[in-house]
Structure formats: C-alpha cells, structure tokens
There are 2 protein chains.
Amino acid sequence: MIRLAAGIDIGGTNIAFGLVDDAGKIRIRDSIKTQTISEAPQLAETVSQQILAAMKNMGNDFELIGAGIGVPNGNRERGTIEFAPNLKWKGVIPLAKYFSDALNVKTILDNDANAAAFGEMIYGGAKEIKDFIFITLGTGLGSGIVVNGKMVYGHQSFAGEIGHVVLIPDGRQCGCGRKGCVETYCSASGIVKTYLEKNTEIRNQKSEIDARYIFEKARQGEQVAIDSFNYTGELLGLVLANSCAYTNPEAIFLFGGLANAGDFIFKPTIESFEKNLLNIYKGKVKILPSQLNETDAAILGAASMVWEEEKS
Amino acid sequence: MIRLAAGIDIGGTNIAFGLVDDAGKIRIRDSIKTQTISEAPQLAETVSQQILAAMKNMGNDFELIGAGIGVPNGNRERGTIEFAPNLKWKGVIPLAKYFSDALNVKTILDNDANAAAFGEMIYGGAKEIKDFIFITLGTGLGSGIVVNGKMVYGHQSFAGEIGHVVLIPDGRQCGCGRKGCVETYCSASGIVKTYLEKNTEIRNQKSEIDARYIFEKARQGEQVAIDSFNYTGELLGLVLANSCAYTNPEAIFLFGGLANAGDFIFKPTIESFEKNLLNIYKGKVKILPSQLNETDAAILGAASMVWEEEKS
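Now for a quick tour of the structure. Owing to the predicted nature of the structure, the values given are computational and were not obtained by experimental measurement. (Residues numbered from 1 in each chain as written. Chains lettered and ligands numbered in written order. Predicted model: local features only at pLDDT ≥ 70, side-chain atom pairs only at ≥ 80, totals over all residues. Heavy atoms only, no water.)

Bringing the relation of the copies chain B and chain A into the picture now. When chain B is fitted to chain A, the residual RMSD is 0.0 Å, and the transformation amounts to a turn of 180° plus an axial shift of 0.0 Å. Such a combination of rotation and displacement between the chain copies is what one expects of a two-fold axis. By C-alpha distance to the rotation axis, the residue of chain B lying nearest is Tyr246 of chain B, at 3.8 Å. Interface residue correspondence from chain B to chain A reaches 100%, placing this contact among same-surface, isologous pairings. (Least-squares fit on C-alpha atoms with pLDDT ≥ 70 in both. Contact = heavy atoms within 4.5 Å.)

The phi dihedral of Asp170 of chain A is positive, around 60°, even though this residue is not glycine. Within the secondary structure, Asp170 of chain A is located in the loop between strand S11 (150–151) and helix H4 (188–198). Residue classification places Asp170 of chain A among the exposed residues on the basis of a relative accessible area of 70%. Even without glycine at this site, Asn104 of chain B takes up a positive phi of about 60°. Relative to the elements of secondary structure, Asn104 of chain B occurs in the loop between helix H2 (95–103) and strand S8 (107–111). Asn104 of chain B sits in the exposed class, given a relative accessible area of 69%. (Helix = DSSP H or I, 4+ residues; strand = E, 2+ residues; numbered from the N terminus. Buried < 20%, exposed > 50% of the residue type's maximum accessible area, 1.4 Å probe, protein only.)

All names here are of chain A. Spatial strand order, S3-S2-S1-S4-S8: five strands in an open sheet with mixed pairing. Both outer strands of the open sheet, strand S3 (26–33) and strand S8 (107–111), are each paired with one neighbouring strand and no more. On average, each strand axis in the sheet is inclined to that of its neighbour by 20°, with strand direction left out of account. In this fold helix H2 (residues 95–103) packs onto strand S1 (2–10), strand S4 (62–71) and S8, with an angle of close to 165° to the strand it touches most, S4. Of the strands in this sheet, S1, strand S2 (14–20), S3, S4 and S8 touch helix H8 (residues 294–311), which is tilted by about 125° from S1. (Pairing = 2+ DSSP bridges. Axes fitted to C-alpha atoms, helices over the stretch in contact; angles between N-to-C directions.)

Another aspect to go through is the nonpolar core. Counting 108 residues, the largest nonpolar core has Ile252 and Leu254 of chain A together with Ile252 and Leu254 of chain B as its most contacted members. In contact with Ile252 of chain B, other than residues within four places in its own chain, are Ile133, Ile135, Leu240, Cys244, Phe273, Val285, Lys286, Ile287 and Leu288 of chain B. (Core = buried A, V, L, I, M, F, W, Y, C linked by side-chain atoms within 4.5 Å.)

With the rule as written, the count across this model stands at 24 salt bridges over all chains. Between Arg78 of chain A and Glu82 of chain A there is a salt bridge, with its nearest N and O atoms 2.8 Å apart. Given a relative accessible area of 8%, Glu82 of chain A falls into the buried group. Across the pair Lys97 of chain B and Asp101 of chain B runs a salt bridge whose closest N-O atoms are separated by 2.7 Å. Separated by four residues within a single helix, Lys97 of chain B and Asp101 of chain B lie in helix H2, roughly one turn from each other. Connected via shared salt-bridge partners are Arg76, Lys106, Asp110 and Glu309 of chain A. (Salt bridge = Lys/Arg side-chain N within 4 Å of Asp/Glu carboxyl O.)

Backbone-to-backbone hydrogen bonds pair the strands of a sheet. The strands run either parallel or antiparallel. Strand order in the open sheet formed by three strands is S5-S6-S7 (chain B), with antiparallel pairing between adjacent strands. The open sheet is flanked by strand S5 (74–75) and strand S7 (92–93) of chain B, the only strands paired with a single partner.

For the rest of this paragraph, the subject is the packing of aromatic side chains. Scanning all chains against the criterion turns up 13 aromatic pairs over all chains. Seen from their ring centres, Phe132 of chain B and Phe253 of chain B are 5.6 Å apart, and the 90° between their planes marks the pair as edge-to-face. Of the two residues, Phe132 of chain B sits in strand S9 (residues 132–137) while Phe253 of chain B sits in strand S12 (residues 251–255), which places them 121 residues apart along the sequence. Members of the aromatic cluster, each reached through a chain of ring pairs, are Phe215, Phe229 and Phe264 of chain A. The ring of Tyr231 of chain A carries Lys198 of chain A above its face, with NZ or CZ at 5.2 Å from the centroid. (Phe/Tyr/Trp six-rings, centres within 6.5 Å; stacked < 30°, edge-to-face > 60°. Lys NZ or Arg CZ within 6 Å of the ring centre and 35° of its normal.)

What follows is the structure, given as structure tokens:
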C-alpha cells in the first residue's frame with residue numbers, strides 16, 4: 001500500500017492540488033481557477049471530489065492518509081483563513097473543517113509561507129537544519145520561522161510576519177494600512193516601486209513593469225535595474241541581519257520570484273547581511289536559495305505538513 | 001528533606017548568590033565584589049565554598065539539587081561565558097564546569113536575560129503564559145524569548161539579542177561596534193544620551209546624570225525629562241511591535257531600572273506599541289511590568305533554571 005498526502009495550495013488566481021508520496025514525488029496534480037468558485041464550502045467540495053476521483057482511478061494500491069492546505073492568512077490552530085485581503089472569501093473561513101468533512105481524512109491548514117517552510121524542511125534544503133527562517137519573496141514577503149525543528153506559531157498562531165516589520169517609519173504605504181513595512185521594499189512589488197522611483201521616464205508605462213522585466217533589464221546591463229536590485233538587497237540584508245537577533249538561525253532560505261534573480265539579489269543581500277550582523281553571528285548564518293522547485297513548491301509544502309505531523 | 005537550588009548571578013560589579021526553594025523563597029543570600037576575584041576558576045571555588053558552608057550550617061534537612069548561573073554573554077549549550085565586554089574574564093570561560101566540579105551538582109549557565117526570563121516563568125508573571133518576551137532595561141537592553149513554553153536558543157545558542165537589532169541605521173554608536181542598535185536608545189544609558197541631546201545646558205555636568213536622575217526630574221515635571229521618556233517609549237514601542245511579527249507573544253515583560261519609572265515609560269511605550277502593531281495583533285499583546293522583585297530577580301532567575309529543567 002502506497003500512502004499519499006493531498007497538498008492543496010489556495011491562491012488568489014489558482015488553486016493547485018496534488019497527491020504526494022512520502023519521498024516528495026507528486027503522483028497526480030491539477031489546478032482550477034479561483035474565480036470559478038463562488039463560496040468556500042463549494043471550493044472544498046469541488047477540489048475534494050477531484051482528489052477522491054484521482055485516488056479511485058489510481059486503484060487499490062494507494063491510501064490517502066491526510067491533507068495539507070496552504071493559504072494566505074491561514075491560521076493553523078483554528079484551521080481557518082482569516083481576513084485574507086487577496087482572497088474573495090471574507091472574514092473567518094473554517095476551511096480545514098470543510099476539507100476534512102469532504103475528504104474524510106485529517107486536514108492541516110497553515111499559512112502558505114509556513115507550508116512552504118515545511119516543504120523546505122521535509123523535502124528541500126532544510127532537512128538537516130533545526131533553526132532556520134524561510135522567506136518567500138513574491139508579491140509580498142512571507143515568512144516561516146523554525147526553532148529547534150518546530151515551526152513558531154505564537155499565542156494567536158500568527159507568528160512569522162517579517163514582511164510587516166516596520167523597516168522605514170513613515171515609508172511606503174503598505175496594504176496592511178501602515179507605512180514602511182519590509183514587504184513594501186523587499187518583494188516583487190517592492191522592487192517595482194523602487195525601479196519606478198529611480199526611473200522617472202518609464203513611469204507612464206507603469207503597468208507593464210514587473211520584477212521579471214527588471215531582472216531582464218538587469219541582465220542586459222541596465223544600471224537602474226541593477227541599482228534597484230542593489231537597493232532591495234541592501235534593505236533585505238539589514239532585515240535578515242536583524243532577524244538573526246531574534247532566533248539565531250543556522251540558515252535563511254529565500255524563495256519565490258525575486259529569489260530567482262540569482263546574484264542580482266543574493267549578492268547585495270549577503271553583503272548587507274554580513275555588514276549588518278552582530279559580531280557573534282558573522283560568518284555563522286547562511287543565506288541560501290530554496291531548494292524547492294518553484295512549480296512544485298506550493299503542493300509539496302502543503303502535503304509536507306501531513307508527513308511532518310506524522311513524524312513528530 | 002527540603003530541596004534547594006543555588007542561584008548565582010555574575011555581574012561586572014557584584015556576584016550575588018543564594019539558596020532558593022521550589023516555592024521561590026530565598027533561604028540564604030550573600031554577595032561578593034567581582035573585583036575581589038582575579039581568575040574565573042577562583043570565582044567558582046570561592047562562591048562554591050560559601051554555598052557549601054551555608055548548606056552545612058542549615059543542617060541535614062536540606063539537599064542541594066543543582067545550581068543555575070546567570071551571566072552576561074552566557075552560552076547555555078556550552079556552559080560558557082563568551083567574550084563578555086563588561087566582565088574582566090576574557091575569551092571563552094567554561095564557568096558551568098568550574099561550578100559543577102566545585103559544587104558536585106548539575107550546573108546550568110545561561111545568559112542573564114534568559115535567566116531572568118526563567119524567573120518570570122517559574123516565579124513571576126509568566127507562570128501561565130507560554131509565549132512571551134522578557135526585556136531587561138538596564139545599562140543595555142537584554143531579552144529572552146519564550147515560544148510555546150520553551151526558551152529560544154537558536155543554532156549558536158545566541159538567540160534573543162533584541163538590544164542589538166539595528167533600529168536607526170547610522171544612528172548612535174553601540175558598544176558592539178555597529179550603529180543605531182536598539183539599546184543605544186532604549187535602555188538606562190540610552191535615555192541618558194537622549195536627555196543630554198535634548199538638554200544642552202546640562203552636558204557639562206554629564207557624569208552625574210543617570211536614568212534615576214531623569215526619572216526624578218520627570219516626577220518634578222521637567223519637560224525635557226518627560227520628553228526623554230516619551231522618545232524612549234516611542235522607539236521601544238516600535239521595536240516591541242516589530243518583535244510581535246516574529247514570535248507573536250501573549251505578553252512582553254519589562255524589567256530593570258528603566259521599567260521602574262512606571263507610567264513615564266509604560267505610557268509612551270504602550271501608545272507607540274499599539275500604534276505600530278500589525279492589525280492582527282492589536283489589542284492582543286500585553287506589555288506588563290515584570291513581577292519579579294528587583295532585589296531578588298537575579299538570584300531567583302538563576303535558581304529557577306534548575307527547577308525549570310527538572311519540570312521539563
């Protein structure tokens with residue numbers, strides 16, 4: 001009997017899901033557009049039916065042992081999505097319950113950054129690392145903090161919001177309502193803002209500029225694009241250096257769009273990081289690219305929580 | 001048989017020690033001047049002899065079950081003092097071993113802020129609180145971070161250095177060699193710097209100004225003194241709000257000289273804290289005065305580690 005975990009990743013655009021074995025191989029995968037679903041219970045119903053149908057097709061050698069869900073603003077303790085600004089389901093949604101009812105297996109829901117951090121721990125570069133911080137550099141900056149092999153949740157289960165550390169008081173307006181949060185600078189959308197600030201001429205064609213465009217320009221040697229990466233890395237390095245003063249990690253993993261820019265982002269980040277580190281940490285904390293494949297990471301991360309919980 | 005733990009606190013000026021029962025009552029206490037000791041092994045020898053003599057005097061009803069030591073720059077994992085700038089013993093000192101050899105009981109050594117945080121957990125206001133941050137506002141700013149009932153140590157056992165988060169890049173010179181660390185603003189010495197910056201007339205009598213003086217002046221209604229507290233609290237509130245984005249604590253305890261200034265420090269700190277908190281944390285995290293008596297805290301904190309380890 002081959003045991004499988006369902007991994008479900010819920011984003012503003014797509015809902016991706018798959019069936020993953022304990023070696024991290026995705027046996028089946030599929031996705032649906034988020035906009036095709038109107039209500040949250042219907043989401044659980046639709047996805048669960050497809051998962052159960054896939055299990056049936058695979059035959060009797062396979063057993064579904066649990067499901068993991070990664071969502072923005074997910075709360076693991078309560079199994080809920082809570083006031084997610086980028087999802088259409090508002091308020092507090094008990095999504096883990098909807099799924100466990102529909103699938104009839106234990107279902108773990110967590111914040112998408114935490115889910116990806118579990119993926120790094122179970123299938124990626126953190127297999128042997130007990131203290132690490134996982135950073136997703138997407139539209140925002142998400143983070144999962146692992147201490148002594150355990151994810152940090154905290155009192156309300158909302159730990160690990162490094163993207164909302166105030167980095168520059170009275171700085172850029174953040175979606176959270178405050179100003180100067182890390183993610184308004186250190187993220188795919190942050191670097192676009194930086195690029196547009198540095199490049200007044202291009203502002204009128206604003207809508208076409210994304211982090212990938214800036215990466216292409218940097219590769220072509222455009223100085224403004226390179227400077228934008230340098231500025232982003234300088235700030236990110238400072239934030240990560242400060243983060244070490246909290247949990248003294250062995251490694252910090254960078255994942256997501258911006259992390260794919262290679263040296264353009266890693267070099268200035270690591271330089272600023274080492275410059276800003278307290279002496280006792282200097283040379284002791286690695287900044288590493290995530291070893292999760294970007295296409296698989298969301299499903300793997302969600303599924304990995306099932307395996308992680310079984311292990312512990 | 002009444003079981004006792006030795007609590008030993010090593011500071012730049014005094015070495016305080018005592019014998020503490022599991023209810024947190026200090027049965028015997030004493031102290032010696034740090035300057036009377038030349039070498040670290042002699043320190044362990046001298047203090048241990050006094051502890052063992054006290055045990056003997058107390059008679060056969062008492063048993064010494066272990067010792068806890070709180071020191072600046074203490075490393076629990078290795079049982080060492082490491083490069084403590086304010087102690088005369090330089091380099092890496094295996095002090096836990098010296099004490100366990102001399103006392104013939106298990107000896108736990110930790111950073112002094114962690115030791116005090118254990119005191120809060122075992123004997124103080126954090127008995128029922130599993131996620132909290134403990135802040136000492138002394139000459140510097142020390143911190144201990146507790147997640148799910150466990151102290152956070154991290155990879156090198158140097159977690160919880162919130163005093164060395166860079167708050168204001170290129171700000172005040174810090175003893176660590178960098179600039180703008182939290183403790184150059186939010187500490188007893190930080191408020192003195194603030195006061196002297198705001199009060200140019202008084203700078204020539206600089207040497208007599210300490211945090212207590214500024215507190216007295218604030219009580220007398222001196223605006224510069226009140227402003228100095230307000231500025232300190234404003235920055236401290238921001239730092240503590242940012243800290244919530246890491247570990248989402250239920251409470252943050254403030255301890256030490258500056259925390260004794262009551263509303264002068266708590267009011268601006270809490271105002272700034274609530275203003276700067278991410279929405280999901282607003283109104284959910286308490287900033288509280290430590291419930292440890294200042295005279296007893298160092299000995300209690302050190303001894304509490306023996307009881308904590310026995311419990312877990």
